[in-house]
Amino acid sequence: MQGSLVDAFARQGVSRRSFLKYCATLASMMALPPVAGRAMAEAMAAARRPSVIWLPFQECTGCTESITRSHSPTIEGMIFDMISLDYQETLMAAAGHQAEAARLNAMQDNAGKYLLIVDGSIPLGRDGAYSCIGGRSNVEMLKEAAQGAAAVVAVGSCAAFGGIPRANPNPTGAVSVSDIVKDKPIVNIPGCPPIPVVMTGVLAHYLTFGSLPELDAKGRPKAFFGETIHDRCYRRPFYDQGKFAKTFDDEGARNGWCLFELGCKGPVTHNACATAKWNGGTSWPVESGHGCLGCSEPDFWDAGGFYKALSLPADPLGIAGAAAVAGAAVGVGIGFANRAKQGAAKSAHETTTLADLEK
Amino acid sequence: MTDLQFLTWVRGPGLDIAVGIFLLGVLWRLFEIYSLGRSKDLSAPRRTPGASGLHTVFRRSLPPPGMLKCSPVSYLGGYIFHIGLAIVVFGFAPHILLIRNLTGLSWPALPSQFVDLAAVVTMAAMTVMLADRINKPAKRFLSTFEDWFTWAATFLPVLTGWMAVQHLLLPYTAMLALHILSVEILLIVLPFTKLFHAFTLFGSRWYNGKVNGHRGVPV
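Residues numbered from 1 in each chain as written. Chains lettered and ligands numbered in written order. Predicted model: local features only at pLDDT ≥ 70, side-chain atom pairs only at ≥ 80, totals over all residues. Heavy atoms only, no water.

Draft legend 1. Broad picture of the side chain of Thr122 of chain B. Residues and elements named next belong to chain B. As for its placement among the helices and strands, Thr122 is situated in helix H6 (residues 112-135). The class for Thr122 is buried, based on a relative accessible area of 1%. In terms of polar contacts, Thr122 uses its side chain to reach the backbone carbonyl oxygen of Ala118, at 2.6 Å. When residues no more than four places from it in sequence are discounted, the contact partners of Thr122 are Phe81, Gly84 and Leu85. (Helix = DSSP H or I, 4+ residues; strand = E, 2+ residues; numbered from the N terminus. Buried < 20%, exposed > 50% of the residue type's maximum accessible area, 1.4 Å probe, protein only. Polar contact = N/O pair within 3.5 Å; in protein donor to acceptor, adjacent residues only side chain to side chain. Contact = heavy atoms within 4.5 Å.)

Draft legend 2. Inspection of helix H8 (residues 145-166) of chain B at higher detail. Residues and elements named next belong to chain B. The first and last C-alpha atoms of H8 sit 31 Å apart over 22 residues, in line with the 32 Å expected at 1.5 Å per residue. Considering bend angle alone, the principal kink of H8 is centred on Phe155 and spans about 25°; proline Pro157 follows within four residues of it. Looking only at H8, the buried set comprises Asp147, Thr150, Ala153, Thr154, Phe155, Pro157, Val158, Thr160, Gly161, Met163 and Ala164. Where H8 ends, the next residue or the one after it, His167, has phi of about 60°, a positive value. (Expected span 1.5 Å × (residues − 1). Bend = angle between axes of the 7 residues up to and from the residue.)

Draft legend 3. Seen up close, the interface of chain A and chain B. Between chain A and chain B, the contact holds 43 residues from the first and 38 residues from the second. Contact between chain A and chain B buries roughly 3400 Å² in total, counting both sides, with carbon and sulfur atoms accounting for 63%. Those elements that place two or more of their residues in the side of chain A that touches chain B are helix H13 (236-241) and helix H16 (320-347) of chain A. The element contributing the most residues to the side of chain A that touches chain B is H16 of chain A, with 14 residues. A breakdown of the residues in the side of chain A that touches chain B according to their chemical character gives 23 nonpolar, eight polar and 12 charged. (Buried area = accessible area lost by both parts, 1.4 Å probe. Nonpolar A, V, L, I, M, F, W, Y, C, P; charged D, E, K, R; others polar.)

Draft legend 4. Up close: the domain arrangement of chain A. Each domain of chain A was delimited in the assignment, giving domain 1 (4-225), domain 2 (229-302) and domain 3 (320-348). Taking only C-alpha atoms, the centre of domain 2 of chain A and the centre of domain 3 of chain A are 51 Å apart. (Domains from an automatic or database assignment.)

Draft legend 5. Region of interest: the packing of helix H2 (residues 16-29) of chain A against helix H10 (residues 196-209) of chain A. Residue and element names in this part refer to chain A. At a closest axis distance of 10 Å, the pairing of H2 and H10 adopts a crossing angle of 90°. In terms of orientation, H2 lies roughly perpendicular with respect to H10. Here H2 contributes Tyr22, Leu26 and Met29 to the contact with H10, which in turn contributes Val197, Thr200, Gly201 and Ala204. When grouped by side-chain class, the residues that make up the contact of H2 with H10 number five nonpolar, two polar and no charged. (Axes fitted to C-alpha atoms, helices over the stretch in contact; angles between N-to-C directions. Parallel < 35°, antiparallel > 145°, perpendicular 65-115°, else oblique.)

Draft legend 6. Inspection of the packing of helix H4 (residues 72-91) of chain B against helix H5 (residues 93-103) of chain B at higher detail. Residues and elements named next belong to chain B. Across the interface, H4 lies against H5 with an axial gap of 6 Å and an inter-helix angle of 65°. From H4, Val88, Val89, Phe90 and Gly91 reach across to H5, where they touch Ala93, His95, Ile96 and Ile99. Class assignment of the residues belonging to the contact of H4 with H5 gives a composition of six nonpolar, two polar and no charged.

Draft legend 7. Spotlight on the confidence of the model for chain B. For chain B, per-residue confidence averages 93 on the pLDDT scale, and residues scoring 70 or more make up 100% of the total. The ipTM assigned to the predicted complex is 0.82, against a pTM of 0.81. (pLDDT = per-residue confidence, 0-100.)

Draft legend 8. Focus on the packing of aromatic side chains. Considering all chains together, one arrives at 15 aromatic pairs over all chains under this definition. Look at Phe300 of chain A and Trp301 of chain A: their rings are 5.8 Å apart centre to centre, the planes differ by 85°, and that puts the pair in the edge-to-face class. Considering the side-chain rings of Trp151 of chain B and Phe155 of chain B, the 4.5 Å spacing of their centres and the 15° angle between planes classify their relative orientation as stacked. Of the two residues, Trp151 of chain B and Phe155 of chain B both sit in helix H8, four residues apart, roughly one turn of that helix. Judged by its relative accessible area of 12%, Phe155 of chain B is buried. Cluster of aromatic residues (ring-pair linked, three or more members): Tyr239, Phe244 and Phe260 of chain A. Its guanidinium or amino end placed over the ring of Tyr87 of chain A, Arg103 of chain A lies 5.7 Å from that ring's centre, counting from NZ or CZ. The side chain of Arg133 of chain B reaches across the aromatic face of Trp148 of chain B, ending 5.9 Å from its centre. (Phe/Tyr/Trp six-rings, centres within 6.5 Å; stacked < 30°, edge-to-face > 60°. Lys NZ or Arg CZ within 6 Å of the ring centre and 35° of its normal.)

Here you go:
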């Protein structure tokens, strides 16, 4: 196996063997047959270098940080060596008009073939004026760039589902990529941020097979989002045994018991954290003692609070007290009415008929 | 609306509405029923051993002589599904957590596998009882829409809860949301249907026992 990518890796201290191992890991994580690892390695090494345009919209750059700084040196970060990243504001040297020119050139030269990566939500409020690049609104840029794209990858929960900008009351009118782009294949890679290996896995799949991986109903790659955190969680046996940490520093927490009562959203969150882990496989939120926030699900920010268990009310009960008082009042009122009726019947010497008993 | 939004709605506004209607209905009906009263029985009470309100409260939990053989499904099935429901509702950790949140009361949870078994047994007993109600001409004749409806309203929360835990048919999030929704429907209909026996059971037994006890009849 030869190629510029392999040479580039060698220069950065990543051996051919490590690269092959990485590709095999990617293939197995995506539930592909073992031979796919080899195919991925060859395809990536061949460095077809498809053009990729990365548009950052209403976002925090956390997704870019996640993929470029996962650990050092990072093979995930080097994925950029196998694509031609023609526009990425955070990483590119060009600025201002030069940057915009690079984007337009890439779009023209690779029309219909380039991969469009989007991170950040798209604000629609005030004609999109909440987020502009080079004087143009995000929604305008997205529509333009999506037209010539082969496929769109929505990286991060903001691009995939609207994320934090879309949280109630959504002051900017933020929407997801799939709310705007309707006629192109879209892969959602949600997470706040997404797991680096998931991003590279999707790119590697696209480079190797020229197609997007199998997606679930929310447009997420099934290989990584097919199961819930809860189902793959190493603390799951404690849930089944009814052993829960009640606070973050009690005996249960120290014993590594289930964090369900502390608000863990693992049961309703589809992601690969429990298996792929973070920071080069060091740990992941639940392993470090904090419940899952559910960041890869739509509207996780408004799902009733991070520290409230799933079986608890999402909001405080508002009408319960008033309803109880109203119920008691109605009951007492009807009680008085019944008493009056009884009294009237008694003084009128009414008799009870069979029909009365049938009432 | 996504699954998680649906779940958040049933945990939020949905629960608020359901608990509100439940409390309204329960207090309404309790005040209404207990304020009805009856005219005072002026006759001298006939004292007979075993004839009192308290006796009847317990005695009505046991089948009268010969009835167990005559209608085993009603008695055994009834016992099994009521006890099963109690285990599922009050023994499952997430349920206890909700009760603690709403009332401040809590107790140790049962292992989830045991609760799972109780749910299956409960559903089996309820299904057998439904089949019996359909098969026995007398029971079928006496059944009204309310009987079928309340059966479904009781059965669905158990079924959806069990399916959510077992990850059957729908994704967990959607099934959990359906489970909570079905419980909310149960809460809403409970005060206004025969399910209200959960509140009036012992009171009405006491009442009947007392009236009959006054006449010297141990029922």
